[in-house]
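This is what each chain is made of:
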Amino acid sequence: MVLIAPINADQGLNPVRSRKDTRMTRMFVRHMVNDYDTWRAAYDKFDATRRPMGVVNDGVYRSVENKNDVTAYHDFKSLDDAKSFAKSDAVREAMAGAGVASAPEIWFVEEV
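Keep in mind that what you see is a predicted model, and the values were worked out from it rather than measured.

Peer 1: Looking at this structure, how should I read the packing of aromatic side chains?
Peer 2: Each aromatic ring pair is described using two quantities: the centre-to-centre distance and the angle formed by the ring planes. Counting across every chain of the model gives six aromatic pairs. Their ring planes at 40 degrees and their centres at 5.9 Å tell us that Y36 and W39 sit as a pair that is tilted. Residue Y36 and its partner W39 are both found in helix α1 (residues 36–45); the two are separated by three residues, about one turn of the helix. Summarising the burial analysis for this pair, Y36 and W39 share the class buried. Centre to centre, the rings of W39 and Y43 are 5.0 Å apart; their planes meet at 25 degrees, and the pair counts as stacked. Here W39 pairs with Y43, and both are found in helix α1, just four residues apart, close to one helical turn. Ring-pair connections join several aromatic residues into one group, and the members of that group are F28, Y61, Y73 and W107. A cation sits over an aromatic face here: R50 above Y43, 3.9 Å from the ring centre.

Peer 1: Sorry, what's going on with the pattern of salt bridges here?
Peer 2: When the charged atoms of two side chains with opposite charge come close together, those side chains can pair. Tallying each qualifying case throughout the model produces seven salt bridges. R51 is the partner of D58 in a salt bridge, and the nearest nitrogen-oxygen pair spans 2.4 Å. We classify D58 as buried; its relative accessible area is 18%. Within this structure, D47, R50, R51 and D58 form a network of salt bridges that share partners.

Peer 1: Help me understand the pairing of strand β3 (residues 69–76) in this model?
Peer 2: The side chains of a regular strand alternate, first on one face of the sheet and then on the other. Burial runs high along β3: eight of the eight residues are buried. Burial of β3 is two-sided: the residues D69, T71, Y73 and D75 facing one way and the residues V70, A72, H74 and F76 facing the other way are all buried. Bridge count for strand β1 (residues 25–32) against β3 is eight bridges, and the pairing is antiparallel. Within β3, the residue paired with R30 across the bridge is T71. Where strand β2 (residues 57–62) lies against β3, six bridges are found, and the strand directions are antiparallel. Bridge assignment links Y61 to a residue of β3, and that residue is T71. Remark: six residues form the turn of the hairpin made by β2 and β3, two consecutive strands paired antiparallel.

What counts and what doesn't
Residues numbered from 1 in each chain as written. Predicted model: local features only at pLDDT ≥ 70, side-chain atom pairs only at ≥ 80, totals over all residues. Heavy atoms only, no water. Phe/Tyr/Trp six-rings, centres within 6.5 Å; stacked < 30°, edge-to-face > 60°. Helix = DSSP H or I, 4+ residues; strand = E, 2+ residues; numbered from the N terminus. Buried < 20%, exposed > 50% of the residue type's maximum accessible area, 1.4 Å probe, protein only. Lys NZ or Arg CZ within 6 Å of the ring centre and 35° of its normal. Salt bridge = Lys/Arg side-chain N within 4 Å of Asp/Glu carboxyl O. Pairing = 2+ DSSP bridges.

Structure follows, in structure tokens:
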């Protein structure tokens, strides 16, 4: 039996990086907002700032029972990047300006 490793054309004959090498850190943030539509407009506007701060992917969910109960996730290349983002003044100011009405519940997970 012959096993063939996938080849990435940009890397010549080197095998494609393994899943282990490309793990991301995901940060979840849950909080209440005063008005979802107002919050969402501010969240979307902040994307121009969020991307240069290390966010490579994001998504937003809200409770089916309360549209102002919001959970968002942000993906980063490292835990350090995620923690720096979470602690930044820019994020804190954006959240305050968007009408976040409760202290955020923040947690980090890593792909395994």
